[in-house]
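Coordinates in review
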Amino acid sequence: MIAGILLAAGSSSRFGSNKLLHLLPDGTPIAIAAARKLKAATSMTLAVVHPDNLALADMFAAEGLTVVACPAATQGMGTSLACGVLASSHALGWIVALADMPFIQPATLMEIRGQLEQGAPLAAPVYQGQRGHPVGFGSEFFEALVHLSGDQGARAIVRAHEARATLLACEDPGILADIDTTEDMARYRNLLVSQE
């Protein structure tokens with residue numbers, strides 16, 4: 001079983017409001033668009049949220065995701081990721097996605113899942129020479145993932161094992177399109193149009 005972990009516990013400090021609840025042009029909240037794509041590609045999908053974000057937690061639950069409230073989410077992405085992996089410790093691998101990246105194509109997520117199911121220890125998509133999200137981790141990285149802390153996420157793990165990573169060339173600019181500011185929304189609007 002490959003689990004999907006959607007990291008959705010950030011503070012949205014650069015956006016000015018809770019960006020994950022911000023509506024895309026089609027009326028779907030950013031986080032829900034990302035959640036639906038991840039859920040379609042994984043056997044079990046968890047959303048890691050800050051305990052105070054009840055509105056977001058309810059929305060994820062309504063979409064059929066398992067909601068994991070991370071009490072120490074303010075410590076950073078690494079802490080949130082550790083919570084998600086620990087809550088799905090029986091999985092054979094994890095696809096780690098960010099809730100502020102709603103434009104990743106479903107086919108890209110399925111490619112990552114396929115690589116993990118075939119035994120790849122690490123898998124990540126590449127668009128025009130740039131590695132993006134999501135990143136897939138095999139079960140051998142369980143201990144390393146659950147001991148993450150702070151705001152570095154799993155970047156150090158990927159760097160240390162880069163030679164073993166399966167890099168998937170794709171025509172999916174969404175793997176690089178994370179929304180941090182309102183300007184990003186305007187910049188990436190064309191990605192949503194191209195996916196309709």
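Being a predicted model, the structure only gives us computed values, none of them experimental.

**Focus: the overall build of the protein chain**
Counting its regular elements, the protein chain contains seven helices and eight strands. Computed over the C-alpha atoms, the radius of gyration of the protein chain is 15 Å, within 12% of the 16 Å expected from 2.2 N^0.38 for a compact globule of 196 residues. Out of the 196 residues belonging to the protein chain, those deemed buried represent 54%. In the protein chain, the share of contacts with a sequence separation of at least 24, taken over all contacts with a separation of at least 6, comes to 70%. For the protein chain, the exposed area adds up to about 8,900 Å²; of that, 52% sits on carbon and sulfur atoms. Within the protein chain, one finds 12 positive and 18 negative side-chain charges whose respective centroids are separated by 2 Å.

**Considering the packing of helix α1 (residues 30–41) against helix α4 (residues 106–117)**
Contact geometry of α1 with α4 gives a least axis separation of 9 Å together with a crossing angle of 40°. In terms of orientation, α1 lies oblique with respect to α4. The chirality of how α1 crosses α4 is right-handed. Along its contact with α1, which presents Lys-37, Leu-38, Ala-40 and Ala-41, the element α4 presents Pro-106, Leu-109, Met-110 and Arg-113.

**Digging into the packing of aromatic side chains**
Summed over all chains, the structure comprises two aromatic pairs. Each ring, one from Phe-137 and one from Phe-141, has its centre 6.2 Å from the other, and the planes form 80°; the classification is edge-to-face. Each member of the pair, Phe-137 as well as Phe-141, is classed as buried.

**So, empty space enclosed by the protein**
One pass over the full model with this rule turns up one cavity of 30 Å³ or more. By volume, the largest cavity amounts to about 50 Å³. In terms of lining, the largest cavity is formed by Leu-6, Ala-34, Lys-37, Leu-38, Ala-97, Leu-98, Met-101, Ile-104 and Leu-109. Mapped onto the lining of the largest cavity, the elements with two or more residues apiece are α1 and β4 (93–98). Among the residues forming the lining of the largest cavity, the class breakdown is eight nonpolar, no polar and one charged.

**Description of the nonpolar core**
Core analysis: the biggest nonpolar cluster contains 65 residues, and Leu-6, Phe-60, Leu-81, Trp-94, Phe-137 and Leu-145 have the highest contact counts within it. The element that contributes the greatest number of residues to this core is α1, accounting for eight residues. Leaving out residues up to four positions away in the same chain, Phe-60 has contacts with Leu-6, Ala-8, Ala-31, Ile-32, Ala-35, Ala-47, Val-49, Leu-65 and Val-67.

**Some details on unusual backbone geometry**
As a rule of thumb, non-glycine residues mostly have phi less than zero, and peptide bonds are mostly trans rather than cis. Of the consecutive residues His-133 and Pro-134, the connecting peptide bond is found in the cis state with omega at 0°. Of note, the phi angle at Gln-128 is positive, near 50°, even though the residue is not glycine. Tracing the backbone through its elements, the reader meets Gln-128 in the loop between β5 (122–127) and β6 (130–131). Judged by relative accessible area, Gln-128 falls into the exposed class, the value being 67%.

**Quick notes on α4**
End to end, α4 covers 17 Å across 12 residues, agreeing with the expected 16 Å (1.5 Å per residue, within 8%). Those residues of α4 that fall on the buried side of the exposure criterion are Thr-108, Leu-109, Ile-112, Arg-113, Gly-114, Gln-115 and Leu-116. In the core, the buried residues of α4 are packed alongside β1 (2–8), α1, β4, β5, β7 (135–138) and β8 (165–169). Positioned one or two residues after α4, Gly-119 has a phi angle of 100°, which is positive.

Rules and cut-offs
Residues numbered from 1 in each chain as written. Predicted model: local features only at pLDDT ≥ 70, side-chain atom pairs only at ≥ 80, totals over all residues. Heavy atoms only, no water. Helix = DSSP H or I, 4+ residues; strand = E, 2+ residues; numbered from the N terminus. Rg over C-alpha atoms; globule rule 2.2 N^0.38 Å. Buried < 20%, exposed > 50% of the residue type's maximum accessible area, 1.4 Å probe, protein only. Contact = heavy atoms within 4.5 Å. Areas by Shrake-Rupley, 256 points an atom, 1.4 Å probe, with all protein chains shown as cover. Lys, Arg positive; Asp, Glu negative; His and termini not counted. Charge placed at Lys NZ, Arg CZ, Asp CG, Glu CD. Axes fitted to C-alpha atoms, helices over the stretch in contact; angles between N-to-C directions. Parallel < 35°, antiparallel > 145°, perpendicular 65-115°, else oblique. Left-handed = near helix turned anticlockwise from the far one by under 90°. Phe/Tyr/Trp six-rings, centres within 6.5 Å; stacked < 30°, edge-to-face > 60°. 1 Å grid on protein atoms, 1.4 Å probe; cavity = no way out; pocket = protein on both sides within 12 Å on 5 of 7 lines; lining within 4 Å. Points joined across faces, edges and corners; volume = space filled by probe spheres on them. Nonpolar A, V, L, I, M, F, W, Y, C, P; charged D, E, K, R; others polar. Core = buried A, V, L, I, M, F, W, Y, C linked by side-chain atoms within 4.5 Å. Expected span 1.5 Å × (residues − 1).

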